[in-house]
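# Structure assessment
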Amino acid sequence: MTAHEQIIDTTVAYVKKELEGAEGGHDWWHIYRVWQQARQIAARETANLLVVELGALLHDIADAKFHQGDENIGPAKAAAFLESIQVSPAITAHVVDIIRHISFKGGHQEKTFYSIELGIVQDADRLDAMGAVGIARTFNYGGFKHRAIYDPAIAPDLHMTKEAYKNSTAPTINHFYEKLLLLKDRMNTATGKALAQERHAFMELFLDRFYQEWKGEL
């Protein structure tokens, strides 16, 4: 086993243990899908694969939405873990930067850090928020937060601040317009952009059908 493989195996075991019992849209299987997707995208880019894999595996190790909005817990936990298994300071710092800057957060924040590795992991994470899996995750989280499925009287807010986005209690359908349908045009890599097209189209088909059934037309 190579040093790279050993680091990844140890990280996988750590993440599985940490996310035991996590909400279904942000559990080990979300991490697994993002990890695998990130590897596929990285194969078509010039990037540090160890940074990509560690960034994907640790990007939601302590998602702020499940920790009273604290955005420092995840990066701190990841840094402590990587230091404990003696990953180099440079790689650790890069992975922590990925974790700090990966989130959508309403889509209005300025980019203060970017690397191809962040771009790859961010694309993989965003792809998992789209398509059939993205739809399933969205409604799972809406149920977890006891949100209405849809309320025609509550329009989506396309100009939310970061704080408003974090604290939103809007119906789940609104999330498609406030985030999911915006992701197609915010992908970083050529591969991510291509994969996002089909997933975006699937979500549009779903929404068309949803409104028809909601109105009793079908």
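Structural data are supplied above this passage.
None of the values given here were measured: they were computed from a predicted structure.

Applying the stated criterion across every chain, the model contains 16 aromatic pairs. When the ring of Y32 is compared with that of W35, the centres are 6.1 Å apart and the planes differ by 80 degrees; the resulting orientation is edge-to-face. A residue pair is termed a helical-turn pair when its members lie 3 or 4 positions apart in one helix, as Y32 and W35 do in helix α2 (residues 28-42) at three residues. For Y32, a relative accessible area of 32% puts it in the partly exposed group. The exposure class assigned to W35 is buried, which follows from its relative accessible area of 11%. Put simply, the rings of F139, Y150, F176, F206, F210, Y211 and W214 touch in pairs and so form one group of aromatic residues.

With that settled, consider the side chain of H26. Within the secondary structure layout, H26 lies in the loop between α1 (3-18) and α2. Among the residues examined, H26 registers a relative accessible area of 12% and is labelled buried. Of note is the side chain of H26, whose polar atom sits 2.4 Å from the side chain of E23.

For the rest of this paragraph, the subject is the pattern of salt bridges. What the rule picks out here adds up to six salt bridges. Ionic pairing is found between D128 and R33, a salt bridge with its closest N-O pair at 2.7 Å. Of this pair, D128 sits in the loop between α6 (116-127) and α7 (131-144) while R33 sits in helix α2, and the two are 95 residues apart along the sequence. Since its relative accessible area comes to 4%, D128 is described here as buried. A relative accessible area of 27% means that R33 is categorised as partly exposed. The closest approach of N and O atoms between R209 and E213, which form a salt bridge, is 2.6 Å. Taken together, the residues R209 and E213, both in helix α10 (residues 190-214) and four residues apart, mark about one turn of the helix. Beyond isolated ion pairs, a larger network of salt bridges with shared partners links R33, D128 and R137.

As a further point, take α2. Across its 15 residues, α2 extends 21 Å between first and last C-alpha, which sits within 8% of the 21 Å expected from 1.5 Å per residue. Among the residues of α2, those classed as buried are W28, H30, I31, V34, W35, Q37, A38, I41 and A42. Structurally, α2 contributes buried residues whose contacts are with α1, α3 (49-58), α6, α7 and α10. The N-terminus of α2 is capped by D27, whose side-chain oxygen sits 3.2 Å from the backbone nitrogen of W29.

Spanning 16 residues, α1 covers 23 Å between terminal C-alpha atoms, matching the ideal 22 Å at 1.5 Å per step. Elements that come into contact with the buried residues of α1 comprise α2, α3 and α4 (73-84).

Cut-offs and rules
Residues numbered from 1 in each chain as written. Predicted model: local features only at pLDDT ≥ 70, side-chain atom pairs only at ≥ 80, totals over all residues. Heavy atoms only, no water. Phe/Tyr/Trp six-rings, centres within 6.5 Å; stacked < 30°, edge-to-face > 60°. Helix = DSSP H or I, 4+ residues; strand = E, 2+ residues; numbered from the N terminus. Buried < 20%, exposed > 50% of the residue type's maximum accessible area, 1.4 Å probe, protein only. Polar contact = N/O pair within 3.5 Å; in protein donor to acceptor, adjacent residues only side chain to side chain. Salt bridge = Lys/Arg side-chain N within 4 Å of Asp/Glu carboxyl O. Expected span 1.5 Å × (residues − 1). Contact = heavy atoms within 4.5 Å.

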